[in-house]
Amino acid sequence: MKNIAVIGAGTMGNGIAHTFAQKGFQVNLIDISEKSLEKGMATITTNLDRMVAKETISESDKNATLSNIKTFTSTEEGVKNVDLVVEAATENVDLKLKIFQQLSEITAENVILATNTSSISITQIAAVTNRADKVIGMHFMNPVPIMKLVEIIRGYNTSDEVTKTIMDLSVTLGKVPVEVNDYPGFVANRILMPMINESIETLYNGVAGVQEIDTVMKLGMAHPMGPLQLADFIGLDVCLSILNVMYDGFKNPKYAPCPLLVNMVMAGKLGVKSGEGFYDYSESKKAEKVSKSFQ
C-alpha cells in the first residue's frame, strides 16, 4: 500500500493524512469544502513546524511530508488509483452510509474501505457496499500524529486478510493496533463515554463544580485531563452522538445522555470547537480556561 485517500479534512482527517504522509505514503486529502482543506493543511503545517522546533523531525522531513499530500474537492478524482480509503467525515450515520455507497461505486473492487468512526456499526456501513469483506474500522485517537492506539474493528464480514493488512499497516505507521469486534462504542468509547456522561450527571445534580470534578479525576485517578475538559476537546456534539449510538444499540438506560449534555449541544456549546463548553475557550479567557457555573 502506497496510495491512500482520506475523506474529511477536519481534526481527525488532517491528523490521519499527516500521519500517513510522514511515513512516506502518497495521500489524497478530500473534502467538499476548499476552506476546510486549506484549514486542514494549515493545521498539518503548524503541527510539523512544532515538531521541527522540538527537533523530532528536520525541515526536510517537514517539506517531504507536505509534498506527499494532495488536496481534492472531488471524491471521484481523489480516490483514483488508491489502495485504501480512510473515511473521517462527521460522526453521522446517514452521511457515512452515503459516502460508503458512493465509494463502493467509484473505487476499484480491490480497494479497502476503512472508517474512522468512533461508534457506528462497521457491519451496517459495509452492508451498503459491494465488498463487505473489505470494509473495516480504523479508529485513530486524537491527536492522531501523537497517540499510539488504533482500534481495528472487524465487521461481521470483514476478512482475515483485510484485518491482517490493516493491522500490519498500523504498525508501519508507528501505531499500536488493537483488534476489537463490532459492537456499539467498540472498546474505547464504550468505557470512556459512560464515564464522561456520569461526570456530566454529577455536575447536573449539583454534587460538585466543573473544576472540582476534573481535579478529583486528575489527582485521584491519575488522569492526565479531567473528563469534562476531555469532553470539551472531543466535542460535546460528538460525545452526544456516540452516547446516542450506544443507547440505540443496547437499549440500556445507562447509556442515555444526560439532559445537560443535550441542552448544551442544542445551545451550540460544543467545547473547544465553538469556543465554549464546560470551560471558556474564547480569546479573552483562553489562558484562564474559566469554568462556567452550571448550578
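Under an unreviewed UniProt entry, the name given to the chain is 3-hydroxybutyryl-CoA dehydrogenase, and the organism recorded is Moheibacter stercoris. What the UniProt record of the chain gives under Sequence similarities (unreviewed entry) is the line "Belongs to the 3-hydroxyacyl-CoA dehydrogenase family."

**Topic: the pairing of strand β5 (residues 112-115)**
Of the two faces of β5, the one lined by Ile112 and Ala114 and the one lined by Leu113 and Thr115 are each fully buried. With four bridges connecting them, strand β4 (residues 84-87) and β5 associate as parallel partners. Looking at β5, one finds that valine 85 is bridged to leucine 113. Following the chain from β4 across helix α5 (residues 93-106) to the adjacent parallel β5, one finds a crossover that is right-handed.

**Section: the nonpolar core**
Counting residues in each nonpolar core, the largest one holds 35 residues, and the members touching the most others are Phe20, Leu84, Met138, Phe140 and Ile166. Among all residues touching isoleucine 166, those that are not within four sequence positions of it are Leu84, Ile112, Ile136, Met138 and Ile152. With 24 residues, the next largest nonpolar core counts Leu228, Leu236, Leu243 and Leu261 among its residues.

**Quick word on the sheet that holds strand β6 (residues 135-140)**
Hydrogen bonding along the main chain pairs the strands of a sheet, whether they run parallel or antiparallel. The sheet built from eight strands is open, its strands ordered β3-β2-β1-β4-β5-β6-β7-β8 with mixed pairing. A single partner strand is all that each edge strand has here, and the edge strands are β3 (69-72) and β8 (176-181). Between one strand axis and the next, the sheet turns through 25° on average, direction left out of account. The pairing of β5 with β6 spans three bridges and is parallel. Looking across to β6, one finds that leucine 113 is bridged to valine 135. Sheet strands in contact with helix α2 (residues 34-53) are β2 (26-30) and β3, and its direction is about 160° off that of β3. Docked against the sheet, α5 engages β1 (3-7), β4, β5 and β6, running at close to 170° with respect to β5.

Calculation rules
- The residue count restarts for each chain, going from 1 along the sequence in the order it is written.
- Note on the predicted model: pLDDT of at least 70 is required for a residue's local features to be given, and 80 or more for side-chain atom pairs to be given and counted; whole-chain, interface and lining totals, by contrast, use all residues.
- Excluded from the side-chain calculations are hydrogens and water; all other atoms, namely the structure's heavy atoms, are used.
- UniProt positions are given in the numbering used here, feature names are shortened, and annotations may be inferred rather than shown by experiment.
- For the exposure calls, accessible area comes from a 1.4 Å probe over protein chains only, and a residue counts as buried if that area is under 20% of its type's maximum, exposed if over 50%, partly exposed in between.
- Secondary structure elements follow DSSP: runs of H or I no shorter than four residues count as helices, runs of E no shorter than two count as strands, and numbering proceeds from the N terminus.
- One requirement defines pairing of two strands: DSSP has to find at least two bridges between them.
- Handedness is read with the strands pointing away from the viewer; a crossover is right-handed when the path from the first strand over the helix to the second is clockwise.
- Residues belong to a common nonpolar core when they are buried Ala, Val, Leu, Ile, Met, Phe, Trp, Tyr or Cys residues joined through side-chain atoms within 4.5 Å.
- Note on definitions: a residue-residue contact is assigned when non-hydrogen atoms from the two residues lie within 4.5 Å.
- All axes are obtained by fitting lines to C-alpha atoms, using only the stretch in contact for helices, and the reported angles, taken between N-to-C directions, cover 0 to 180 degrees.

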